[in-house]
Amino acid sequence: MRGSILTLIFCGLIFCACKTEKETKNEKEFKLDYEKFTLDNGLEVILHEDHSDPIVAVATIMHVGSNREKPGKTGFAHFFEHMSFNDSENVPVGANRKMIPEWGGSRNGGTWSDATIYYEVVPKDAFEKILWIDSDRFGYMINTVTDAALEREKQVVKNEKRQRVDNAPYGYTDEIIRKNLYPEGHPYSWTVIGALPDLQAATVADVKEFYTQYYGAKNGSLVIAGDINIAETKELVKKWFGEIPSGPDVAALPAMPVILEETKSLYFEDNFAKLPELRMIIPTVEEYHKDIYALQVLGELLSGSKNAPLYQVIVEEKKLAPNIRASQRGSEIAGEFIIRARANVGKDLDDLKLAIEEGLQRFEKNGVNEKDLKRIKAELETQLYQGISTVLNKAFQLVQYNEFKGDPGYISKEATLTEAVTAADVMRVYNQYIKNKNYVLTSFVPKGKLDLTVENAEKATVWIEEVKQNVANEEVGQGKEATYEKTPSTHDRSEPAFGELPLFKSPEVWTSSLENGMKVYGIENNEVPLVQFDITIPGGHLLDPKGKEGVANLLSDLMMEGTATKTPAELEEAIGMLGASINVYTANEDFHITGASLTKNFEATIALVKEILLEPRWDEKEFERLKQALNTSLKGREANPRAIAGLIYNKLVYGQEHIFSVPSSGTLASVENITLNDLKAYYKLLSPKKAKLHVAGAISKEKTIAIANSINDFKGELVNLPKQTLPTTSKAGNLYFIDVPNSKQSVIYIFKLALSSADEDANNLEFANDILGGGSSGRLFQTLRIEKGYTYGAYSGIGNTLEVAPFVLRTSVRANATLKSLEIIKNMLQNYATDFTEKDVELTKNKLLKSDTRAFESLNAKLAMVRDMSKNNKPANFAEEDQAELVAMTLDDYKNIINKYIQENEMIYLIVGDKATQLEEVKQLGKPVIELDIYGNPIKK
């Protein structure tokens, strides 16, 4: 439930989501004021004013998830969410997915076991328009449902399942767990996405029955948060939502926790897995139960740090897996405690099971470390503020607590309950719910590796779809619109006009420099007491030695494993006690140290950053462990079709000689060659010259510089980055095919090298791509998903590197629609310049201009803005300059850019899918077909 949208727990101060402005003496309050009222039809409405940015978030939650379905009709709640985005009586066909992005907004929905949510964020001028669309979807869509729309959306949902479940490693785990943890008929005994045969059998009558039963106004909550006027918004809500039928009463489901009479052990041979994985699931209690908070803390204590017993036994001592995770997952009527580990290559899951038992026994013996308990609570305080740093997150929190607890401000009560958790509480819930209890155990192993399963495990069964060529009922289209009598209304339900155009104001950026040559870029924003930061050091993957790709990546990992004066556990604890986060990672062109903290802890956090940067530990044991973990990760992606496509795409576009042809994480071969001395040699290349510190949050320039001056001890000379060689031999026009047997989808990449982010055409190409593949309003998405039902999504875009970056189109389509999809894309690319019109020029301009109103709302977005500014040497007002460039573009400018960079005959095609059914099909596209293995090597015939 709560964790399904956003986990927001904290302690250390009182969180007040309240109706008043009352100050509480001796307590520090964070006020998230709201006003709640109920319409005559029973819809509960919560309003929250936030004038930080000229945007509005709207979230509607319906108290119906997969737990309201019936056996034989599973997947309906999620399927209905999809259907809801199609048509409604007073809104044009397809407007939900197309018009909202064109207004500069974003939209989506989500379904889980207990509820369904619909949400949007739009510029302020589109506020009433979004109320029009939302209310029409909510109360006026059911008459528009047709057989054609039903069949089309079935294909979309089936593609979603293929992408997320059937074609994904470990994708069937949830289905196996639910079938065996919950008794037959229990509302959680089937997956949210449901069974495909159930979905295929769904009729229009079924959809209407589901809507009538569960989509009444009194079965939902509506939250509006953002730049609004409360009094005016009340009247608009009454106008647009007030006539929606109340619907029947929907009785609350009672808690239905389960007790297993015996432990169940099951195994599954996974076609897409390369590593064995073990999960142990123990039934516990439902969300909001009094013990839920202690169970959440228990999970962190068991696995969430280097001091945790499960981590110590499994990762440190026995080296069975790179990590281990224990956590409580609560839902409305039942809960689960989950212990999960993906083992290293070839490790027997019997050994992993024994190690978990040993770790639990160690916890029983040693009990709760009070320092760890304090650390967990400090981390949760920071997480709270991070969770309310955007209007959408605030809307999520208010709407979910209102629907499930009847109190939008319930977070304050949860904060108190979490703060009150004691060591004794944790031991009590461990003994009551975990110790010696029966559980479901799943062993997922690669094909042909049954010897790795837990001994005496039984074979798990799942329904696996067979994708066949030329299946008539899978070829769908828009079809005719429904014929119906419009629902009467006392209001004019036609599209309202835009409101006053919001003025875009780019965040104010300040700059400075440190004595060591590092430049500093900052944005002060005082909405929440947080600071986010990033140190960018030029180099990254570019400085990896040839044949030892992955050195920078391993160094970034090792730098977080202790310092000269702190063990890995001590460093982790020091960061955690501040409620801070610090991360080191490498990208293709840069080495990064990033993090976040409460403003009051920023100085202490930067002191730890300095220690990490200047005093590495060079621990040989940790180096070997990280190297093993990396090997495990690299091996794990070898059977994942999308991972394979992403790796080989880079190899094809950049050629064998370019460093970017190999991922920054390296390969199994390159990582094997890396030694600790290689990391030490790379470390000497880190220099403050041309490095930048980026800061965004509740801190002034003066305070930032005063704290950042401590980093002046970071010294080094300017390092010249090696010049890479771009491929001289063209692969344009070739189609490369990689076989992953039994794939239910084909992964498609179509690409070519385009330009650098510093190129004068970079913005124009981004603008020109928007109509083609810039989100759900793009032609690729609208055609391949909305019209044809071949895919779950299709997009195109340009990389953001100083090196020449590719233009790339990506999608995953139903296997038996591979050729048809390729033909559509090929035709679309060939005619893109010709088909681009003045209407597209205006549409692109309006969409991108308005989307800037929400582009820099979060601290993450502000940090990304100054990073873009520093990396590409842009002025502080570059956002305004980009807008002026967009406004100045003419139709001829768009056509010239398209003809220069998006020419179909210059594209390289890559397909990863089932050779047995698709290779001969794709040959019909008329391109030279070259078969590759999963490493990108040509297969000799």
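Note that this is a predicted model, so its numbers are computed, not measured. (Residues numbered from 1 in each chain as written. Predicted model: local features only at pLDDT ≥ 70, side-chain atom pairs only at ≥ 80, totals over all residues. Heavy atoms only, no water.)

### Some points on the overall build of the protein chain
At step 1: Helices and strands together make up the secondary structure of the protein chain, namely 33 helices and 26 strands.
At step 2: Along the three orthogonal principal directions, the C-alpha set of the protein chain runs to about 75 × 70 × 65 Å.
At step 3: Residue burial in the protein chain is summarised as follows: out of 941 residues, 61% are buried.
At step 4: Of all intrachain contacts in the protein chain linking residues separated by at least 6 positions in sequence, the fraction that spans at least 24 positions is 83%.
At step 5: Carbon and sulfur atoms provide 48% of the accessible area of the protein chain, an area that totals close to 36,200 Å². (Helix = DSSP H or I, 4+ residues; strand = E, 2+ residues; numbered from the N terminus. Buried < 20%, exposed > 50% of the residue type's maximum accessible area, 1.4 Å probe, protein only. Contact = heavy atoms within 4.5 Å. Areas by Shrake-Rupley, 256 points an atom, 1.4 Å probe, with all protein chains shown as cover.)

### Things to note about unusual backbone geometry
At step 1: Phi at Tyr-170 is positive, roughly 65 degrees, even though this residue is not glycine.
At step 2: In this structure, Tyr-170 sits in the loop between α5 (147-166) and α6 (173-181).
At step 3: Positioned with a positive phi, Lys-319 is a non-glycine residue whose angle comes to about 50 degrees.
At step 4: Within the secondary structure layout, Lys-319 lies in the loop between α11 (309-317) and β11 (325-330).

### A closer look at the sheet that holds β11
At step 1: Overall, mixed pairing links the six strands, which are arranged β11-β12-β10-β13-β9-β14 in an open sheet. The outermost strands of the open sheet, each flanked by one partner alone, are β11 and β14 (458-459).
At step 2: With two bridges connecting them, strand β9 (residues 264-270) and β14 associate as parallel partners. Across the sheet, the residue bridging to Tyr-267 is Lys-459, located in β14.
At step 3: Contacts from helix α10 (residues 292-303) reach β11 and β12 (335-342), with the element oriented near 165 degrees to β11. (Pairing = 2+ DSSP bridges. Axes fitted to C-alpha atoms, helices over the stretch in contact; angles between N-to-C directions.)

### Some remarks on the sheet that holds strand β6 (residues 106-111)
At step 1: Sheet architecture is open: six strands sit in the order β3-β4-β8-β5-β7-β6, paired in mixed fashion. Two strands in the sheet have a free side with no partner beyond their single neighbour: β3 (35-38) and β6. Each strand axis lies, on average, 15 degrees off the axis of its neighbour in the sheet, ignoring direction.
At step 2: The sheet contact formed by strand β4 (residues 44-49) and strand β8 (residues 220-226) spans six bridges and is parallel. Paired with Leu-47 across the bridge in β8 is Ile-224.
At step 3: Against the sheet, helix α9 (residues 230-241) engages β3, β4 and β8, with an angle of about 150 degrees to β4.

### Let's talk about the layout of surface pockets
At step 1: In this structure, the second largest pocket spans a volume of roughly 790 Å³.
At step 2: Secondary structure elements with two or more residues in the lining of the second largest pocket: β17 (530-538), β19 (590-598), β20 (692-697) and α30 (859-871).
At step 3: Considering only residue class, the lining of the second largest pocket consists of twelve nonpolar, ten polar and ten charged. (1 Å grid on protein atoms, 1.4 Å probe; cavity = no way out; pocket = protein on both sides within 12 Å on 5 of 7 lines; lining within 4 Å. Points joined across faces, edges and corners; volume = space filled by probe spheres on them. Nonpolar A, V, L, I, M, F, W, Y, C, P; charged D, E, K, R; others polar.)

### A word on empty space enclosed by the protein
At step 1: The final tally for this structure, using the stated rule, is eight cavities of 30 Å³ or more.
At step 2: Space inside the largest cavity adds up to approximately 60 Å³.
At step 3: Along its surface, the largest cavity is lined by ten residues, and Phe-85, Asn-86, Gly-94, Arg-97 and Ile-786 are the ones closest to its centre.
At step 4: Within the lining of the largest cavity, the residues separate by chemical class into three nonpolar, four polar and three charged.

### Things to note about the packing of helix α26 (residues 779-787) against helix α27 (residues 818-830)
At step 1: Look at α26 against α27: their axes get within 11 Å of each other, and the N-to-C directions meet at 155 degrees. Judged on the interaxial angle alone, α27 and α26 are roughly antiparallel. Between α26 and α27 lies a crossing whose hand is right-handed. Residue-level inspection shows Arg-779, Leu-780, Thr-783 and Leu-784 of α26 in contact with α27, the latter providing Ser-821, Ile-824, Ile-825 and Met-828. (Parallel < 35°, antiparallel > 145°, perpendicular 65-115°, else oblique. Left-handed = near helix turned anticlockwise from the far one by under 90°.)

### Quick look at the packing of aromatic side chains
At step 1: Throughout the structure, instances matching the rule amount to 28 aromatic pairs.
At step 2: With 5.8 Å between their ring centres and 40 degrees between their planes, Phe-80 and Phe-210 make a pair best called tilted. A residue pair is termed long-range when its members are at least 10 positions apart, and Phe-80 in helix α2 (residues 76-84) and Phe-210 in helix α8 (residues 204-214) qualify at 130 residues. Accessibility classification places Phe-80 together with Phe-210 in one group, the buried group.
At step 3: On the basis of an interplanar angle of 85 degrees and a centroid distance of 5.6 Å, the ring pair of Tyr-288 and Tyr-410 is categorised as edge-to-face. Of this pair, Tyr-288 sits in the loop between β10 (277-283) and α10 while Tyr-410 sits in the loop between α14 (391-405) and α15 (411-419), placing them 122 residues apart in sequence. This pair shows no difference in class: Tyr-288 is buried, exactly as Tyr-410 is.
At step 4: One cation-aromatic arrangement involves Arg-107 over Phe-85; the distance from NZ or CZ to the ring centre is 4.4 Å.
At step 5: Positioned over the ring face of Phe-37 is Lys-234, at 5.5 Å from the centre of the ring. (Phe/Tyr/Trp six-rings, centres within 6.5 Å; stacked < 30°, edge-to-face > 60°. Lys NZ or Arg CZ within 6 Å of the ring centre and 35° of its normal.)

### Examining the side chain of Ser-113
At step 1: Inspection of the secondary structure assignment puts Ser-113 in the loop between β6 and β7 (116-123).
At step 2: Side chain to side chain, Ser-113 and Arg-178 meet in a polar contact 3.1 Å long. (Polar contact = N/O pair within 3.5 Å; in protein donor to acceptor, adjacent residues only side chain to side chain.)

### Quick notes on the confidence of the model for the protein chain
At step 1: When the pLDDT values of the protein chain are averaged, the result is 92; 95% of them are 70 or greater.
At step 2: Low pLDDT, under 50, characterises residues 1-28; the stretch is placed with 88 contacts to residues that sit more than four places away or in other chains. (pLDDT = per-residue confidence, 0-100.)

### Topic: helix α24 (residues 701-708)
At step 1: Taken residue by residue, α24 has Thr-704, Ile-705, Ile-707 and Ala-708 as its buried positions. Burial along α24 is one-sided: seen end-on, the buried residues are contained in an arc of 165 degrees. Structural note: α24 exposes Glu-702 and Ala-706 on the side pointing more than 90 degrees away from its buried face.
At step 2: The elements touched by buried residues of α24 are β15 (510-513), β16 (519-524), α19 (602-614) and β20. (Arc of directions from axis to C-beta.)

### Focus on the environment of Ile-786
At step 1: Position of Ile-786 among the secondary structure elements: in helix α26.
At step 2: Residue classification places Ile-786 among the buried positions, given a relative accessible area of 11%.
At step 3: Setting aside chain neighbours within four positions, we find Ile-786 in contact with Arg-97, Arg-152 and Phe-781.

### Side note on α6
At step 1: The buried fraction of α6 amounts to seven of the nine residues, a majority that puts the element mostly inside the structure.
At step 2: All of the buried residues along α6 are Thr-173, Glu-175, Ile-176, Ile-177, Arg-178, Asn-180 and Leu-181.
At step 3: The inward-facing, buried residues of α6 abut β9, β10, β12 and β13 (440-446).

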